[in-house]
Amino acid sequence: MQRLKDEIERQIIEMDENKAVKVHKKLENAKGKNKLSENINEENIDEEIRKLEKTNKKISTYQRFMDAFEKNIDIDPGRLMGLTDGIFSIVMTLLIFGMVLPDKEILNYTGFINFLGSIGPIAGLIIVSFIVLGSFWIYHHEFMKIKSLNMPYLWLNIFYLACLCFIPFSTSVIGNYSHFFLANVIFGVNILLVIIFFLIMFHYAHKRGFLEEYTSEEDKTYVYHTLYMLMGVTIIVNLLDFNVNSNFIYLFLLIPIISTLRHIQYLMK
């Protein structure tokens, strides 16, 4: 028995605090699954030590994998910010391609007026999407000032940018097929995914200490609550847009108003 105690103490001393906690949890789980005997005696002590070493090896391998996976990478955060700015500018420019000239040449003034009236709804949606994208760009530059990064954060940012790239498409879909509920869902889900990936990025960057400036719990709460409000606006607007009136889509213009008022309120505290 004393040999096993000494062996456990020796292995735990060689670990850092996090690994030691994991070993204790692993041991308790092993006991619960009868992988480690409750009654230890001189006859089975060597077997129990081997089980302990095997468990420790598994934990050590997992910890080394996680350390390597989450290790900071030698990529200038400025390059990621440059990529993000570039994609924002391209996506915001691509919105205008949702407006197309008629296939047939317009020969009279009445036809031209009818054409302008037909593109009115999609033009309004393009303005809404442009303002929403502008708000997301402001959020990214205000909250995501990073000084370092790792591979998980890099891929989170890439998925975030991928969601942004779909906004011109979802804008065209809802502009041309707003009478279908699925078109409203596609646009709403697109906006929600952008906000969700931003929340995940912010949480991960704060947790890993990637942010340039220290973010207090009050700052973090302010960011979370602001984005939760925007998620609520997205859901409500999409439901009202389809079930009540298509003009409710313009309530998305509340996003910059809400964020601005929240920012002023926060600075006044």
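Reading the values: rules and limits
Chains are numbered independently. Their residues run from 1 in the order of the written sequence. Reporting of local features is limited, given that this is a predicted model, to residues whose pLDDT is at least 70; pairs of side-chain atoms are given and counted only at 80 or more, and all residues count toward the totals for whole chains, interfaces and linings. Note that water and hydrogens are dropped before the side-chain values are worked out from all heavy atoms of the structure. Residues enter a nonpolar core if they are buried and are Ala, Val, Leu, Ile, Met, Phe, Trp, Tyr or Cys, with the set joined through side-chain atoms within 4.5 Å. Relative accessible area decides the class of each residue, using a 1.4 Å probe on protein chains only: under 20% of the type maximum gives buried, over 50% gives exposed, and in between gives partly exposed. The helix and strand labels rest on DSSP assignments: H or I over at least four residues marks a helix, E over at least two residues marks a strand, and numbering proceeds from the N terminus. Residues are treated as being in contact if the distance between any of their heavy atoms lies within 4.5 Å. To obtain each axis, a line is fitted to C-alpha atoms, and for helices this fit is confined to the stretch in contact; angles are then taken between N-to-C directions over 0 to 180 degrees. Working rule for angles: under 35 degrees goes down as roughly parallel, over 145 as roughly antiparallel, 65 to 115 as roughly perpendicular, anything else as oblique. Each residue receives one of three labels: charged for Asp, Glu, Lys and Arg, nonpolar for Ala, Val, Leu, Ile, Met, Phe, Trp, Tyr, Cys and Pro, and polar for the others, Gly being one of them. Pairing of aromatic rings covers Phe, Tyr and Trp, the last counted by its six-membered ring, and requires centre-to-centre distances within 6.5 Å; plane angles under 30 degrees mean stacked, over 60 mean edge-to-face, and any other angle means tilted.

K.L.:
So, the nonpolar core: which residues are in play, and what are the values?
P.N.:
Phe 136, Tyr 153, Tyr 160 and Leu 164 are the most contacted members of the largest nonpolar core, which totals 55 residues. When residues of this core are traced back to their parent elements, those giving at least two are α4 (77-94), α5 (109-143), α6 (151-165), α7 (167-176), α8 (181-208), α9 (217-243) and α10 (254-268). Leaving out residues up to four positions away in the same chain, Tyr 153 has contacts with Leu 80, Met 144, Ile 146, Met 201, Tyr 204, Ala 205 and Phe 210.

K.L.:
Tell me what's going on with the packing of α5 against α8, and back it up with residues and numbers.
P.N.:
Relative orientation of the contacting elements α5 and α8 amounts to 5 degrees, with a least axis distance of 11 Å. As judged from the angle between their axes, α5 and α8 are roughly parallel. The residues of α8 that touch α5, namely those facing Ser 129, Val 132, Phe 136, Tyr 139, His 140 and Phe 143, are Phe 187, Ile 191, Val 194, Ile 195, Phe 198, Met 201 and Phe 202. A breakdown of the residues in the contact of α5 with α8 according to their chemical character gives eleven nonpolar, two polar and no charged.

K.L.:
Any details on the packing of aromatic side chains? Residues and values, ideally.
P.N.:
Each aromatic ring pair is characterised by the separation of its centres together with the angle its planes make. Enumeration over the complete set of coordinates arrives at 14 aromatic pairs. The interplanar angle of 45 degrees and the centroid separation of 6.2 Å between the aromatic rings of Trp 155 and Phe 159 together place this pair among those described as tilted. Taken together, the positions of Trp 155 and Phe 159, both in helix α6 and four residues apart, correspond to about one turn of that helix. Looking at Phe 159, the relative accessible area reads 44%, which means it is partly exposed.

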